[in-house]
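# Descriptive structure summary
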Amino acid sequence: MFETILEYQSLDMQLLKLKRDFENCKEKENLTKYATLIKENQAKLTTVDAESKKAIDNFEKYKSLYAKLLKAYEDLRAKIDEMGKDEKEKAIAECDNIVSQLSVLERNLSTQVETSNNLIKSFENCKNNIVSYKKLYVASKEKWAEIEKKFIPQENELRQKMLDVEKKCDARLLTKYKQLRQDKIFPVVVKLNHSSCGGCSMEFSSAQMGALKEKGYLECEHCRRVNYV
């Protein structure tokens, strides 16, 4: 009874390992990695573009304000010699205030220029990164396709063998096996270890051991695995 279900489980184990190796291979890992890096750089490009527009808007705003203040300063200086003493003092104070504001605006303009230059560098780096990662992604995809070509026939062969063995398996055991596999339990069928479960090592009672002799197998109440002698 158990030879066929154990053969079925052995094939299932081979299929499980094959799929695990396929899913965890370096090429698939690289595909995921490069796809993520491409998305990250594309997202960064969008951010850099938005920050660039903001920097340009700020630069134009400061530039316009600077031009207005400079004209006001020049107009005031042109009239200052014609003013009376009190009016001249107020005009000089206003000129000093404008000069102070112009100085702040110059620093702001300089900061925006520096910010823009850094954003241009970031933009170029992101573009170059995307080009590089796309090339690596394509190369990894080609390697992945080659591996997939080898995997599919191997998978199909194992599945066919399992279907062939299924026909010889005890129907009750096979149904139980598939139910437990669906619940992510593996291995499903284990050899009894003296009077303990071969899966989780829980000790069976004498009554359970008696049932095992009658039925030919015993389901562990703890891990649900099927024990056989």
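Residues numbered from 1 in each chain as written. Predicted model: local features only at pLDDT ≥ 70, side-chain atom pairs only at ≥ 80, totals over all residues. Heavy atoms only, no water.

### Side note on the packing of helix 2 (residues 26-79) against helix 3 (residues 85-166)
Viewed as axis vectors pointing N to C, helix 2 and helix 3 meet at an angle of 165°, and their least axial separation amounts to 6 Å. Between helix 2 and helix 3, the angle is such that the two are roughly antiparallel. Considering the relative orientation of helix 2 and helix 3, their crossing is left-handed. In the contact of helix 2 with helix 3, the residues fall into 34 nonpolar, 13 polar and 12 charged. (Axes fitted to C-alpha atoms, helices over the stretch in contact; angles between N-to-C directions. Helix = DSSP H or I, 4+ residues; strand = E, 2+ residues; numbered from the N terminus. Parallel < 35°, antiparallel > 145°, perpendicular 65-115°, else oblique. Left-handed = near helix turned anticlockwise from the far one by under 90°. Nonpolar A, V, L, I, M, F, W, Y, C, P; charged D, E, K, R; others polar.)

### Brief notes about the pattern of salt bridges
For the structure shown, the criterion picks out 13 salt bridges. A salt bridge links Asp-12 to Arg-181, with the shortest nitrogen-to-oxygen separation between them at 2.7 Å. Placement of the pair is Asp-12 in helix 1 (residues 2-23) and Arg-181 in helix 4 (residues 171-182), with a sequence separation of 169 residues. Residue Asp-12 is classed as buried on the basis of its relative accessible area of 7%. (Salt bridge = Lys/Arg side-chain N within 4 Å of Asp/Glu carboxyl O. Buried < 20%, exposed > 50% of the residue type's maximum accessible area, 1.4 Å probe, protein only.)

### Section: the environment of Ser-103
Looking at the element boundaries, Ser-103 is found in helix 3. Along the primary structure Ser-103 and Tyr-66 are separated by 37 residues, whereas in three dimensions their C-alpha atoms are 9.4 Å apart.

### Points about the nonpolar core
Looking at soluble globular proteins, one finds that nonpolar side chains tend to be buried together. Within the largest apolar cluster, 26 residues are counted, with the highest numbers of intra-cluster contacts made by Phe-2, Ile-5, Tyr-8, Tyr-177 and Val-189. Per element, the largest residue contribution to this core is seven residues, and it comes from helix 1. When neighbours within four sequence positions are excluded, Phe-2 is seen to be in contact with Leu-173, Val-189, Gly-216, Tyr-217, Val-226 and Tyr-228. Ranked by size, the runner-up nonpolar core spans eight residues in total, among them Phe-204, Met-209, Leu-218 and Cys-223. (Core = buried A, V, L, I, M, F, W, Y, C linked by side-chain atoms within 4.5 Å. Contact = heavy atoms within 4.5 Å.)

### Points about the sheet that holds strand 2 (residues 217-219)
Strands sit in the order 1-3-2 across an open sheet of three strands; the sheet is mixed. Either end of the sheet is taken by a strand with one partner, and the two such strands are strand 1 (189-191) and strand 2. Neighbour-to-neighbour, the strand axes of the sheet open up by a mean angle of 30°, direction not taken into account. Two elements, strand 1 and strand 3 (residues 226-228), share three bridges in a ladder whose sense is parallel. Opposite Val-189, over in strand 3, you have Val-226 as the bridge partner. Against the sheet, helix 1 contacts strand 1, strand 2 and strand 3, and its axis sits at roughly 115° relative to strand 1. Against the sheet, helix 5 (residues 206-215) engages strand 2 and strand 3, with an angle of about 130° to strand 2. (Pairing = 2+ DSSP bridges.)

### Quick look at the environment of Lys-161
Within the fold, Lys-161 resides in helix 3. Here the alpha-carbon distance between Lys-161 and Asp-12, two residues 149 residues apart in the chain, equals 9.7 Å.

### Focus on helix 5
Within the span of helix 5, buried status applies to Gln-208, Met-209 and Leu-212. Buried residues in helix 5, looked at end-on, bunch into an arc of 100°, giving them a common side. Seen from the buried face of helix 5, the exposed residues on the opposite side, beyond 90 degrees, are Ser-206, Ala-207, Lys-213 and Glu-214. Each element contacted by the buried residues of helix 5 is listed here: strand 2 and strand 3. (Arc of directions from axis to C-beta.)

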